[in-house]
Amino acid sequence: MTPETPMTRKVRTRIAPSPTGFLHLGTARTALFSWAFARHFGGDFILRIEDTDVARSTQEAVDQIIAAMRWLDLGYDEGPFYQMQRLERYRAVIDQMLVDGTAYHCYCQPDELEAMREAQRARGDKPRYDGRWRPEPGKELPVPPPGVAPVVRFRNPLDGDVSWDDLVKGRITISNRELDDLIIARPDGTPTYNFCVVVDDWDMQISHVLRGDDHVNNTPRQINILRALGAELPVYGHVPMILGPDGDKLSKRHGAVSVMQYEEAGYLPEAMINYLSRLGWSHGDDELFDRAQLVQWFDGAHLAKSPAQWDAAKLNWVNAQYIKAMADDVLAPMVAPQMQRLGVQVTDGRLVAICGLFKDRCDTTVALAQWACGFYAPVKADPAERERLVTEAVRPAVALLADKLADCDWTRAAIASAIKEVLAATGLKMPQLAMAARVLLLGTSQTPSLDAVIELFLREEVIARLRTA
Ligand code: GLU
């Protein structure tokens with residue numbers, strides 16, 4: 001599809017997570033695509049919670065999903081809708097289908113179905129429901145066994161094909177012979193997964209369904225049911241899975257797969273959005289772009305047919321670019337909570353400048369927080385590094401520096417002069433003094449320029465740390 005393709009109906013997309021755990025990166029990516037697509041066409045984006053798996057659904061997972069959507073700032077126009085609050089509606093549709101003859105009761109018991117499948121397998125056939133309770137003109141149905149609650153099955157067409165033009169995969173055609181009569185209500189009357197999705201997409205007037213390609217097998221069934229209901233079909237786009245570096249589907253084994261874990265680990269939502277959008281979609285060679293550009297470009301074209309691979313190093317690079325580009329006073333309030341998680345409270349306004357000095361060398365706000373903590377709480381140097389750099393030869397210079405810093409102006413220029421005076425007085429080279437001072441101040445010799453670092457410390461703190469030499 002191109003941006004010029006006229007839309008015949010209002011664009012309405014949805015994300016429909018099952019609240020059985022945190023928001024998975026793959027679902028977040030689908031949410032992002034659905035959101036961007038709706039925004040691009042001035043349509044609506046809907047959040048639907050598919051909570052009919054009562055045993056595995058939890059309120060905590062719902063809360064986590066909503067928190068992750070909020071963190072990524074994927075605003076939805078409608079919802080959250082909960083399937084468990086729509087049971088009456090599903091029942092009403094099933095009742096109507098029974099009346100219309102597009103669904104029927106089936107009284108087969110589990111052992112009977114098992115025997116049916118056994119016999120089919122023995123004959124070398126594919127196991128499938130044989131339609132014994134399916135009403136046909138002129139067919140005599142068995143007598144319902146007493147005391148057995150029936151399931152409801154959808155009367156799937158027997159012949160012909162189901163085809164759709166998938167936004168991602170192109171034309172897909174499945175023969176109806178591959179599909180048997182799906183159970184749409186269990187013996188207790190509760191509707192099954194594929195059926196709820198269909199009624200929801202219909203009622204919510206979803207125009208485009210973007211979802212993981214693990215749902216491709218559900219689509220022909222859903223299309224047949226939508227047709228039986230006389231509903232307008234959405235356009236489907238099945239996005240390939242995200243794979244881990246080893247080529248398997250991305251899972252916990254590969255590291256964090258929960259969106260909110262990335263917040264904790266110091267990733268910026270804008271960087272996540274940028275990185276996720278490039279997993280399975282592209283706009284030329286563009287790697288760094290903001291949300292507004294994404295919305296401008298995301299028209300449903302250029303979705304990749306082949307799976308994307310998770311690349312932690314690239315995510316870090318993208319995140320680093322966002323950190324570097326971010327104004328220090330915007331960054332500081334994101335770093336402060338990370339410091340708090342590390343047990344350090346920011347008590348003054350120095351953090352903004354500290355962020356400015358260190359952000360170029362950090363790819364997460366956690367890394368930045370670790371540096372910043374060194375200005376507010378004691379640091380521990382690697383003993384070997386300390387012994388190597390804080391030598392007998394350097395100690396008098398460090399002591400002299402502490403003396404000079406005790407009463408110089410607290411500006412970078414004055415601090416630089418004090419350092420130079422110490423070098424002149426002791427005959428040491430800058431690296432000898434600077435490396436030792438850095439280790440004493442921040443625990444490592446790999447820091448930005450010493451005068452800039454010292455300026456961001458409180459005077460007493462610098463002197464106290466240098467005196468530990
Ligand atoms: N609840 C499904 C899932 O979490 C989504 C189904 C759909 O998008 O149609 O995978």
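Right, let's walk through the structure included here. All figures in this text were calculated on a predicted structure; none of them were measured in a lab. (Residues numbered from 1 in each chain as written. Predicted model: local features only at pLDDT ≥ 70, side-chain atom pairs only at ≥ 80, totals over all residues. Heavy atoms only, no water.)

Take the overall build of the protein next. Scanning the protein for helices and strands turns up 19 helices and twelve strands. For the protein, the C-alpha radius of gyration of 31 Å lies well beyond 23 Å, the compact-globule estimate for 469 residues. Referenced to the eigenvectors of the C-alpha coordinate spread, the extents of the protein come out at roughly 110 × 50 × 40 Å. Contacts in the protein between residues far apart in sequence, at least 24 positions, make up 75% of those at least 6 positions apart. Of the roughly 21600 Å² of accessible surface on the protein, a fraction of 52% belongs to carbon and sulfur atoms. Put simply, the protein has 53 plus and 63 minus side-chain charges, and the middle of one group is 2 Å from the middle of the other. (Helix = DSSP H or I, 4+ residues; strand = E, 2+ residues; numbered from the N terminus. Rg over C-alpha atoms; globule rule 2.2 N^0.38 Å. Contact = heavy atoms within 4.5 Å. Areas by Shrake-Rupley, 256 points an atom, 1.4 Å probe, with all protein chains shown as cover. Lys, Arg positive; Asp, Glu negative; His and termini not counted. Charge placed at Lys NZ, Arg CZ, Asp CG, Glu CD.)

This brings us to the environment of leucine 233. Tracing the sequence through the fold places leucine 233 in the loop between helix H6 (219–228) and strand S10 (235–239). Residues leucine 233 and isoleucine 223 lie ten residues apart in sequence; the distance between their C-alpha atoms is 6.9 Å. For leucine 233, the contacting residues outside a window of four places in its chain are Arg9, Ile223, Leu226 and Arg227.

What follows covers the pairing of strand S6 (residues 161–166). Of the two faces of S6, only one is covered, namely that formed by Val162, Trp164 and Asp166; the face formed by Asp161, Ser163 and Asp165 stays uncovered. Relative to strand S7 (residues 170–175), S6 is paired through six bridges, and the arrangement is antiparallel. Its bridge partner being in S7, aspartate 165 is matched across the sheet by arginine 171. The antiparallel hairpin formed by S6 and S7 contains three residues in its connecting segment. (Buried < 20%, exposed > 50% of the residue type's maximum accessible area, 1.4 Å probe, protein only. Pairing = 2+ DSSP bridges.)

Turning next to the packing of aromatic side chains. Here the structure, examined in full by the defined rule, presents 13 aromatic pairs. Relative to tyrosine 236, the ring of tryptophan 164 lies with its centre 6.5 Å away and its plane at 65°, an arrangement referred to as edge-to-face. Here tryptophan 164, found in strand S6, pairs with tyrosine 236, found in strand S10; they are 72 residues apart in sequence, far enough to count as distant. Residue class for tyrosine 236 comes out buried when judged on its relative accessible area of 2%. One aromatic cluster is present, built from ring pairs that chain together Phe33, Trp281, Phe289, Trp297 and Phe298. One cation-aromatic arrangement involves arginine 350 over tyrosine 376; the distance from NZ or CZ to the ring centre is 4.5 Å. (Phe/Tyr/Trp six-rings, centres within 6.5 Å; stacked < 30°, edge-to-face > 60°. Lys NZ or Arg CZ within 6 Å of the ring centre and 35° of its normal.)

It is worth spelling out the pairing of strand S1 (residues 12–15) at this point. Of the two faces of S1, the one lined by Arg12 and Arg14 and the one lined by Thr13 and Ile15 are each fully buried. Pairing geometry for S1 and strand S2 (residues 44–49), over four bridges, is parallel. Looking across to S2, one finds that threonine 13 is bridged to phenylalanine 45. Between the parallel elements S1 and S2, the chain passes through helix H1 (residues 25–40) in a crossover that is right-handed. (Right-handed = clockwise from strand over helix to strand, strands pointing away.)

The next subject is the pattern of salt bridges. In total, this model carries 41 salt bridges according to the counting rule given. The shortest N-O distance in the salt bridge between arginine 86 and aspartate 203 comes to 2.8 Å. Pair noted here: arginine 86 is in the loop between strand S3 (78–82) and helix H3 (87–100) and aspartate 203 is in helix H5 (residues 193–203), with a separation of 117 residues, a long-range link. Owing to a relative accessible area of 29%, aspartate 203 belongs among the partly exposed residues under this scheme. We note a salt bridge from glutamate 270 to arginine 291, for which the minimum N-O separation is 2.8 Å. Remark: arginine 291 occurs in helix H9 (residues 291–297) and glutamate 270 occurs in helix H8 (residues 269–277); sequence separation between them is 21 residues. Classification of arginine 291 as buried rests on a relative accessible area of 12%. Among the ionic contacts, a cluster of salt bridges with common partners joins Arg14, Arg48, Glu50, Arg86, Arg89, Asp200, Asp201 and Asp203. (Salt bridge = Lys/Arg side-chain N within 4 Å of Asp/Glu carboxyl O.)

With that settled, the discussion passes to the site of the ligand. Taken together, the residues surrounding the ligand are Arg14, Ala16, Pro17, Ser18, Glu50, Tyr193, Val197, Arg211 and His215. Glutamate 50 has a polar side-chain atom sitting 2.6 Å from a nitrogen atom of the ligand. Within the side chain of arginine 211, a nitrogen or oxygen atom sits 2.8 Å from an oxygen atom of the ligand. Relative to its free-state accessible area of 300 Å², the ligand is covered by the protein chains to the extent of 81%. Classifying every residue of the shell around the ligand by side-chain character gives four nonpolar, two polar and three charged. (Near = heavy atom within 4 Å. Polar contact = N/O pair within 3.5 Å; in protein donor to acceptor, adjacent residues only side chain to side chain. Nonpolar A, V, L, I, M, F, W, Y, C, P; charged D, E, K, R; others polar.)

Here the focus is the state of the cysteines. If you walk through the whole model with that rule in mind, you get zero disulfides. With no disulfide of its own, cysteine 362 lies closest to cysteine 355 among cysteine sulfurs, the gap being 8.7 Å. For the unlinked cysteine cysteine 373, the closest cysteine sulfur is that of cysteine 355, found at 11 Å. (Disulfide = S-S within 2.5 Å.)

Here we take up the side chain of threonine 447. With respect to the secondary-structure elements, threonine 447 resides in the loop between helix H17 (430–442) and helix H18 (450–455). A residue is classified by how much of its surface remains accessible, and threonine 447, at 7% relative accessible area, is buried. At 3.0 Å, the side chain of threonine 447 and the side chain of arginine 438 are in polar contact. Not counting the four nearest positions on each side in its chain, threonine 447 is found in contact with Arg361, Trp371, Arg438, Leu442 and Val453.

Moving on, we get to helix H11 (residues 328–341). The terminal C-alpha atoms of H11 lie 20 Å apart, and with 14 residues this matches the ideal 20 Å at 1.5 Å per residue to within 8%. Just past H11, the residue glycine 343 takes up positive phi, approximately 90°. (Expected span 1.5 Å × (residues − 1).)

Attention now goes to unusual backbone geometry. For the peptide bond that leads from glycine 79 to proline 80, omega is 0°, which places it in the cis range. Notably, glutamine 205 is not glycine yet its phi reads approximately 50°, a positive angle. Position of glutamine 205 relative to the elements: it lies in the loop between H5 and strand S9 (208–212). Classification of glutamine 205 by relative accessible area gives partly exposed; the value is 47%. With a phi close to 65°, histidine 302 is a non-glycine residue in the positive phi region.

Right, let's get into the sheet that holds strand S4 (residues 103–106). Taken together, the three strands give an open sheet; going across it, the order is S4-S5-S8, and neighbouring strands pair in antiparallel fashion. Two strands bound the open sheet, and with one partner strand each, they are S4 and strand S8 (183–185). Geometrically, the sheet is characterised by an average inter-axis angle of 45° between neighbouring strands, direction not taken into account. Looking at chain direction, strand S5 (residues 151–154) and S8 are connected through two bridges and run antiparallel. The partner of valine 152 across the bridge, within S8, is alanine 185. (Axes fitted to C-alpha atoms, helices over the stretch in contact; angles between N-to-C directions.)

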